[in-house]
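# Coordinate analysis (summary)
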Amino acid sequence: MIGYVTLGTNDMPRASAFYDALFGELGVKRLMESDRYIFWGMSFDKPSLVMIKPFNGQPASVGNGVMVALVMNSRDKVDRLHAKALALGGSDEGAPGERGDGFYAGYFRDLEGNKLNAFCMG
């Protein structure tokens, strides 16, 4: 159902370095880019994440309650992606762990303060 999610940035070079390195852990690549945005994903028929400079020219800001969840196929990958985000300068929002009913997740914020999580079921 979801085609892509956009997160705002005020510093595209900094954001692109963070996400290139983070998504390199998953084999995810840039699919499309311009001076205003970069799309990362596996292919255009799968959900993508986009960093974008806001169209209205106002500073990008973090939405309270907004989060992007990245599905992993193992707990080890959740652990590794969470650790990679922190190594790249992201901040911890909840260490990887069991959250109930087989839901395993680790929460972090990127360099702009956007909240993400890596999760797997089972």
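This report concerns the structure included in the present document. Bear in mind the structure is a predicted one, so any value in this text is a computation, not a measurement.

Before going further, it helps to spend a moment on the overall build of the chain. Each helix and strand in the chain was counted, giving two helices and eight strands. Going from the N terminus to the C terminus, the chain shows its helices and strands as β-α-β-β-β-β-α-β-β-β. Over its C-alpha atoms the chain spans a radius of gyration of 14 Å, differing by no more than 12% from the 14 Å that the globule rule assigns to 122 residues. In the chain, which comprises 122 residues, the share counted as buried stands at 37%. In the chain, the proportion of contacts linking residues at least 24 apart, taken out of those at least 6 apart, comes to 48%. Summed over all atoms, the accessible surface of the chain reaches about 6700 Å², with 54% contributed by carbon and sulfur. Charge centroids of the chain, computed over 13 positive and 14 negative side chains, lie 2 Å from each other.

What the four strands build is an open sheet, ordered β5-β8-β7-β6; its pairing is mixed. Of all strands in the sheet, those with a lone pairing partner are β5 (67–71) and β6 (91–98), marking the two edges. Sheet twist, expressed as the average angle between the axes of neighbouring strands with direction ignored, equals 20°. Pairing geometry for β5 and strand β8 (residues 115–121), over five bridges, is parallel. Its bridge partner being in β8, Val-68 is matched across the sheet by Leu-116.

Take the packing of helix α1 (residues 12–24) against helix α2 (residues 75–87) next. Packing of α1 against α2 brings their axes to within 9 Å, and their N-to-C directions diverge by 155°. It follows that α1 is roughly antiparallel to α2 by the angle criterion. As for the relative orientation of α1 and α2, their crossing is right-handed in sense. Where α1 abuts α2, its residues Phe-18, Ala-21 and Leu-22 lie against Leu-81, Lys-84 and Ala-85.

Within the largest apolar cluster, 23 residues are counted, with the highest numbers of intra-cluster contacts made by Tyr-19, Leu-22, Phe-23, Trp-40, Leu-49 and Met-51. Elements that contribute at least two residues to this core include exactly α1, β3 (37–41), β4 (48–52), β5, α2, β7 (103–109) and β8. Residue contributions to this core peak at six residues, all from α1. Excluding anything up to four places from it in sequence, Trp-40 contacts Ser-16, Tyr-19, Asp-20, Phe-23, Val-28, Lys-29, Arg-30, Leu-31, Ser-48, Leu-49 and Met-51.

Turning our eyes to something else, we now look at empty space enclosed by the protein. Here the idea is plain: a probe the size of a water molecule rolls over the atoms and shows the empty space left. Enumeration over the complete set of coordinates arrives at one cavity of 30 Å³ or more. Within this model, the largest cavity holds a volume of roughly 40 Å³. Residue classes in the lining of the largest cavity are distributed as two nonpolar, no polar and three charged.

Time to look at the environment of Gly-24. Along the chain, Gly-24 falls in helix α1. Between the C-alpha atom of Gly-24 and that of Leu-81, which follows or precedes it by 57 residues, the distance is 9.9 Å.

What counts, and at which threshold
- Residues numbered from 1 in each chain as written.
- Predicted model: local features only at pLDDT ≥ 70, side-chain atom pairs only at ≥ 80, totals over all residues.
- Heavy atoms only, no water.
- Helix = DSSP H or I, 4+ residues; strand = E, 2+ residues; numbered from the N terminus.
- Rg over C-alpha atoms; globule rule 2.2 N^0.38 Å.
- Buried < 20%, exposed > 50% of the residue type's maximum accessible area, 1.4 Å probe, protein only.
- Contact = heavy atoms within 4.5 Å.
- Areas by Shrake-Rupley, 256 points an atom, 1.4 Å probe, with all protein chains shown as cover.
- Lys, Arg positive; Asp, Glu negative; His and termini not counted.
- Charge placed at Lys NZ, Arg CZ, Asp CG, Glu CD.
- Pairing = 2+ DSSP bridges.
- Axes fitted to C-alpha atoms, helices over the stretch in contact; angles between N-to-C directions.
- Parallel < 35°, antiparallel > 145°, perpendicular 65-115°, else oblique.
- Left-handed = near helix turned anticlockwise from the far one by under 90°.
- Core = buried A, V, L, I, M, F, W, Y, C linked by side-chain atoms within 4.5 Å.
- 1 Å grid on protein atoms, 1.4 Å probe; cavity = no way out; pocket = protein on both sides within 12 Å on 5 of 7 lines; lining within 4 Å.
- Points joined across faces, edges and corners; volume = space filled by probe spheres on them.
- Nonpolar A, V, L, I, M, F, W, Y, C, P; charged D, E, K, R; others polar.

By themselves, these observations are geometric and do not establish any function.
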